[in-house]
Amino acid sequence: MTPTTPSSSRPRLLLLSGYDAGSHQSWREQLVASQPDFDWQSLILPPRYFRWRIRGNALSWLDEPALSESWDAIVATSMVDLAGLRAFHPHLARTPVLLYMHENQFAYPDSGDQHASVDHQMVTLYSALAADRIAFNSEWNRTSFLDGVAALLKRLPDRVPGGVVERIRVKSTVLPVPVPDRLFVERKTDMNRTQPHLLWNHRWEYDKGPDRLLALLAELDRRQLDFRISVVGEQFRRRPEAFEAIRQRFPDRIRAWGFLPDRAAYDALLREADVVISTALHDFQGLAMLEAMAAGCLPLAPDRLAYPEYVPAACLYTGDRVSIEGEASAAADTLASLLAAPVSSPVGVVADWRLSRLQHRYREELGALIDGEAGRA
């Protein structure tokens, strides 16, 4: 629990983070720090035991004292079982809730290890129906969630109410995770076009496409396109074999490797690299890409997921879910074109994602949430 200083003059907001992973923690801390008009208190659960967290968080918080108090509004992340929470604490039923959708359980690529169950999808569907307002971090996230709900409802055997998707759509908005203003810098040095410094800065898991990164680097090597590479990001006990293959095949090209716990060192790497790469099969917003672009990195990303919402068309390569080699070839073609042609700074492209521009939108959303509750009372 992270209490804030009590204040009778400010609306009291309770923030619930049901799986406080790195990006969720960053969003939570940034939200609280950027909205001083509210008196915040946060309840968080650690990012482990995923299946238990998403199904059991309401039970984990059953005896939490803060949930016995009265609040002007609640902000809950998409991992929170909002329907269960309100059932366990009936006095919160009329407290307005903003559900913040960092991700959804309908658009994850299949690793082959998942248990065949719709339970997690039902939890997020119930939470979306129980919430007063829903904010998605990208239009891709919202669209894939609504499409996933529609597909799920068609599979259910009977007694499915009509208009479920529309009920969710009408109370939803797109409100991205902000990029800190300190990252927005204009480069003082030109991009290295003869030996570009490539950056891959994502979680070291299958859904971020490390096998596709390996295929891309192999294709660049085959074409004798010189490069340096930094592969950094959060790691876990199990990691795809592609990472070790990259390390062994390109040891002389590696500039940085592994997780960088020092934020200043990571920010410095963002300012140093020339091109930030995504090979992801799933990315609901792409904060790592946005942060690197804010720091001046030219993006190279597939034409899927949320990337077309902010990556310039010239920087998008044609994705190929079936052929990894075909996608690698398309990505190499796009990179070669970027290195050969004049390019404008990506900093201005993502300016609308900076905190100072999104801060007022969060303030308006929270204010409207509270005012709406006052209007119903």
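Residues numbered from 1 in each chain as written. Predicted model: local features only at pLDDT ≥ 70, side-chain atom pairs only at ≥ 80, totals over all residues. Heavy atoms only, no water.

Caption draft 1: Quick look at the environment of Thr95. If you trace the backbone, Thr95 turns up in the loop between α3 (82–88) and β5 (97–101). Classification of Thr95 by relative accessible area gives buried; the value is 8%. (Helix = DSSP H or I, 4+ residues; strand = E, 2+ residues; numbered from the N terminus. Buried < 20%, exposed > 50% of the residue type's maximum accessible area, 1.4 Å probe, protein only.)

Caption draft 2: Fine view of empty space enclosed by the protein. If you walk through the whole model with that rule in mind, you get two cavities of 30 Å³ or more. Taken as a whole, the largest cavity holds about 40 Å³ of empty space. The wall of the largest cavity is formed by Trp27, Gln30, Leu31, Ser34, Pro178, Leu355, Gln359 and Tyr362. Those elements that provide at least two residues to the lining of the largest cavity are α1 (22–34) and α12 (355–376). When its residues are assigned to classes, the lining of the largest cavity shows five nonpolar, three polar and no charged. By volume, the second largest cavity amounts to about 40 Å³. Lining the second largest cavity are Arg212, Leu216, Thr279, Tyr317, Ile324, Glu327, Ala328 and Ala331. Elements with a minimum of two residues in the lining of the second largest cavity: α7 (210–222) and α11 (324–340). Per element, the largest residue contribution to the lining of the second largest cavity is four residues, and it comes from α11. Along the lines of polarity and charge, the residues of the lining of the second largest cavity split into five nonpolar, one polar and two charged. (1 Å grid on protein atoms, 1.4 Å probe; cavity = no way out; pocket = protein on both sides within 12 Å on 5 of 7 lines; lining within 4 Å. Points joined across faces, edges and corners; volume = space filled by probe spheres on them. Nonpolar A, V, L, I, M, F, W, Y, C, P; charged D, E, K, R; others polar.)

Caption draft 3: Representation of the sheet that holds strand β9 (residues 228–232). Pairing is parallel in the open sheet, where six strands are placed in the order β10-β9-β8-β11-β12-β13. Where the open sheet ends on each side, the last strands, each with one partner, are β10 (254–258) and β13 (316–317). The pairing of strand β11 (residues 275–277) with strand β12 (residues 298–302) spans three bridges and is parallel. Each bridged residue has a counterpart across the sheet, and for Val276 the counterpart in β12 is Pro299. Lying over the sheet, helix α8 (residues 241–249) contacts β8 (197–201), β9 and β10, oriented at roughly 150° with respect to β10. (Pairing = 2+ DSSP bridges. Contact = heavy atoms within 4.5 Å. Axes fitted to C-alpha atoms, helices over the stretch in contact; angles between N-to-C directions.)

Caption draft 4: Layout of a nonpolar patch on the surface. Taken together, the side chains of Tyr49, Trp52, Leu59, Leu62 and Phe88 define a hydrophobic patch exposed on the protein surface, amounting to about 530 Å² of accessible area. Checked against the element boundaries, Trp52 lands in helix α2 (residues 50–60). The class of Trp52 is partly exposed, set by a relative accessible area of 41%. (Patch = residues over 30% accessible without salt bridge, like charges linked within 9 Å, V, L, I, M, F, W, Y side chains within 5 Å. Areas by Shrake-Rupley, 256 points an atom, 1.4 Å probe, with all protein chains shown as cover. Salt bridge = Lys/Arg side-chain N within 4 Å of Asp/Glu carboxyl O.)

Caption draft 5: Layout of the pattern of salt bridges. Under the defined criterion, the tally for this structure stands at 27 salt bridges. The residue Glu69 makes a salt bridge to Arg12 at a minimum N-O spacing of 2.7 Å. With Glu69 in the loop between α2 and β4 (73–77) and Arg12 in strand β2 (residues 12–17), this residue pair connects regions lying 57 residues apart in the sequence. In this structure Glu69 comes out as partly exposed when scored by relative accessible area, which is 31%. Because the salt bridges share partners, they merge into one network encompassing Arg182, Arg263, Asp267 and Glu291.

Caption draft 6: Examining the pairing of β10 more closely. In terms of strand pairing, β9 meets β10 through four bridges, oriented parallel. Bridge pairing links Ser230 to Ala256 in β10. For the segment spanning β9, α8 and β10, crossover handedness is right-handed. (Right-handed = clockwise from strand over helix to strand, strands pointing away.)

Caption draft 7: Structural context of α2. Taken together, the buried positions of α2 are Arg53, Ile54, Gly56, Asn57 and Ala58. Contact partners of the buried residues in α2: α3 and α4 (119–130).

Caption draft 8: Representation of unusual backbone geometry within the structure. A positive phi is found at Tyr49, a non-glycine position, where the angle reads about 55°. The phi dihedral of Leu305 is positive, around 60°, even though this residue is not glycine. Within the secondary structure, Leu305 is located in the loop between β12 and β13. Among the residues examined, Leu305 registers a relative accessible area of 10% and is labelled buried.

Caption draft 9: Looking closely at the packing of α2 against α4. It is at 10 Å that the axes of α2 and α4 come closest, and there the two elements cross at 35°. For the element pair α2 and α4, the recorded crossing hand is left-handed. On the side of α2, the interface is formed by Phe50, Arg51, Ile54 and Arg55, while α4 contributes Asp119, His120, Val123 and Thr124. Of the residues that constitute the contact of α2 with α4, the class distribution is three nonpolar, two polar and three charged. (Left-handed = near helix turned anticlockwise from the far one by under 90°.)

Caption draft 10: Just the pairing of β4, in detail. Counted residue by residue, β4 has five buried out of five residues, so it is predominantly covered. Taking every second residue as pointing to the same face, both faces of β4 are buried, with Ala73, Val75 and Thr77 on one and Ile74 and Ala76 on the other. Where β2 meets β4, four bridges bridge the pair, whose relative direction is parallel. Across the sheet, the residue bridging to Leu14 is Ile74, located in β4. Direction of pairing for β4 relative to β5: parallel, over a ladder of four bridges.

Remember, this is a structural readout, not a statement about activity or role.
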